[in-house]
Amino acid sequence: MDSFFSAVEVRENPELKGLPVIVGGRIGTEEEKTAEEPERKIRGVVSTCSYEAREYGIHSAMPLSRAYKLCPNAKFLPVNMPLYKRVSSEIMAILRKYADKIEQVSIDEAFLDASTKVHGWTDAREYALRIKREILEKEGLTCSIGIAPNKTIAKIASDFVKPDGLTVVEEERARDFLAPLPVKKIPGVGPKTNEVLKKMGIERIGQLASYDVQKLVAKFGKYGTRLHLIANGIDESEVEEEWERKSLSRERTLAVDTKDASVLNNCVDELAEEVYNAIKKEGFVFKTVALKVKFEDFTVHTRAKTLKSFHSDLNILKRIAKELMTEFCDGTGKEKKIRLVGVRVSSLGVVDEKQRRVVTS
DNA sequence: TCTGGGGTCCTAGGACCC
DNA sequence: TCTGGGGTCCTAGGACCC
């Protein structure tokens, strides 16, 4: 979907049309609101912004405080996740009708296996236009579609023309389509990998395609092989309909950095309760509890403990999470201040009521 | 300018077992 | 005195995605 969160907000509130709209952060609590500056005090980043806001240099992941300085007259809205989730499931229901298989990859993105629905590359374009038309008519939202012989190229293609784009990459043209693109366009190549590749003299996908695989493997391990295949237009991965949860977590950036053990322990308790409620809702039991801490200098540390058997008790979750916390605030006062706390459970199992035992994958 | 939250996957080292 | 190989599980950190 094109700038999904802000597009939904504009749809719900048409006066916003044509204005710079910035969605990010949350609604401030009463405490935070009574502070001198009511709105922008909250630590947060831009989730999504309208194309009008992008004109000001605003983009996803930018601190809200900076976005505010770049465009103080923009409409700033908190993230309204329940609304976007509702719209998302309506869109996914539309997509499902068009696909042999569908894999939802995020709230606003999905892969469709259209192998039997599309007959040739000319028909592919018609097919995509039908999808775009139905989403626009029923939801009043635009999207960008990429159609290609495999998932990776389809993803890159969907990003090629935006917003309201449609890019069809025929199998015979795949390598030529990829060759001139920068390597960062490959999903999985982030800032670090991009930098390493640059030092090797590889900036475009075409250069990666003709590079010695052995050297790529020496540098990147088995990911090197995959990179080389992708650059050559090869990706055999399937559209996977089933998704299995492997962990569940809640984390919170504090309003102010602290080393106060009671504040931190309260926070851990709250997060543990949220994690507990969430896993209970989904019917999970857990074996591993992990605590995450981000210090004021942004360094991140984690500590984990795996239990001998599965548990589903809130008090156990709280106790272990707080035990793991002690290492970071032992009360000596020498520690750095803490900015964020997170609680996560993993090694999940599902209780099979009939057999009265825990089932894991 | 001052940096969110929820995930996945990979790697490397150590403990432990046979 | 110097010392196997293979496997699993766990922990911590880091890259990446949206």
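Residues numbered from 1 in each chain as written. Chains lettered and ligands numbered in written order. Predicted model: local features only at pLDDT ≥ 70, side-chain atom pairs only at ≥ 80, totals over all residues. Heavy atoms only, no water.

J.: Looking at this structure, I do not really get the protein's contact with DNA strand B. What am I missing?
T.: Near DNA strand B lie 23 residues; those nearest to it are S247, S249, E251, T253 and R339. Here a phosphate oxygen of DNA strand B sits 2.9 Å away from a polar atom, N or O, in the main chain of K246. If you list the elements that add at least two residues to the surface near DNA strand B, you get α4 (64-70), β8 (247-258) and β11 (338-346). With seven residues, β8 is the single largest residue contributor to the surface near DNA strand B. (Near = heavy atom within 4 Å. Polar contact = N/O pair within 3.5 Å; in protein donor to acceptor, adjacent residues only side chain to side chain. Helix = DSSP H or I, 4+ residues; strand = E, 2+ residues; numbered from the N terminus.)

J.: I'm lost on the sheet that holds strand β3 (residues 75-77) in this one. Help?
T.: Think of a sheet as strands paired side by side through backbone hydrogen bonds, with each pair either parallel or antiparallel. Pairing is mixed in the open sheet, where three strands are placed in the order β2-β1-β3. Here the strands that pair on one side only, and so sit at the sheet edges, are β2 (46-49) and β3. Direction aside, the axes of adjacent strands within the sheet are offset by 25° on average. (Pairing = 2+ DSSP bridges. Axes fitted to C-alpha atoms, helices over the stretch in contact; angles between N-to-C directions.)

J.: Looking at this structure, I do not really get the packing of helix α11 (residues 213-220) against helix α12 (residues 222-231). What am I missing?
T.: A packed helix pair is summarised by two numbers, namely the angle formed by the two axes and the spacing between the axes. Here α11 crosses α12 at 135°, and the two axes come no closer than 6 Å. Judged by the inter-axis angle, α11 sits oblique to α12. Regarding α11 and α12, the two cross each other, and that crossing is right-handed. Here V213, L216, V217 and F220 of α11 lie close against α12, whose contacting residues are K222, Y223, G224, T225, L227 and H228. (Parallel < 35°, antiparallel > 145°, perpendicular 65-115°, else oblique. Left-handed = near helix turned anticlockwise from the far one by under 90°. Contact = heavy atoms within 4.5 Å.)

J.: How do you make sense of the protein's contact with DNA strand C when you look at a structure like this?
T.: Around DNA strand C sit 18 residues in total, of which K155, G188, T193, A304 and T306 are the nearest. Within 4 Å of the protein, atoms of DNA strand C come from sugar and phosphate in 100% of cases. K192 places a polar main-chain atom, nitrogen or oxygen, 3.0 Å from a phosphate oxygen of DNA strand C. Residue T193 places a side-chain N or O atom 2.5 Å away from a phosphate oxygen belonging to DNA strand C. Listing elements by their share of the surface near DNA strand C, those giving two or more residues are α9 (191-199) and β10 (300-311). Top contributing element to the surface near DNA strand C by residue count: β10, with six residues. The class makeup of the residues in the surface near DNA strand C is five nonpolar, seven polar and six charged. (Nonpolar A, V, L, I, M, F, W, Y, C, P; charged D, E, K, R; others polar.)

J.: Please clarify how the pairing of strand β4 (residues 101-106) should be interpreted in this entry.
T.: A regular strand places its side chains so that they alternate between the two faces of the sheet. Of the strand pairs in this sheet, β4 and strand β5 (residues 109-113) are connected by five bridges, and their pairing is antiparallel. Of the residues in β5, the one forming a bridge with S106 is E109.

J.: In this structure, what is going on with the domain arrangement of chain A? I would like to understand it.
T.: By convention, interface size is frequently given as the accessible area that disappears when the constituent parts associate. Domain boundaries assigned for chain A yield domain 1 (4-79), domain 2 (82-174), domain 3 (182-231) and domain 4 (247-359). Using C-alpha coordinates to define each centre, domain 2 is positioned 38 Å away from domain 4. (Domains from an automatic or database assignment.)

J.: In this structure, what is going on with unusual backbone geometry? I would like to understand it.
T.: Working note: non-glycine residues mostly have negative phi, and peptide bonds are mostly trans. Note that the residue after K162, namely P163, is joined by a cis bond; omega there is -5°. Here the phi dihedral of S3 falls at roughly 30°; this positive angle occurs in a residue that is not glycine. One can find S3 in the segment before α1 (4-12). The backbone phi angle of A61 is positive, close to 75°, even though this residue is not glycine. On the basis of relative accessibility, which here comes to 56%, the residue A61 falls in the exposed class. (Buried < 20%, exposed > 50% of the residue type's maximum accessible area, 1.4 Å probe, protein only.)

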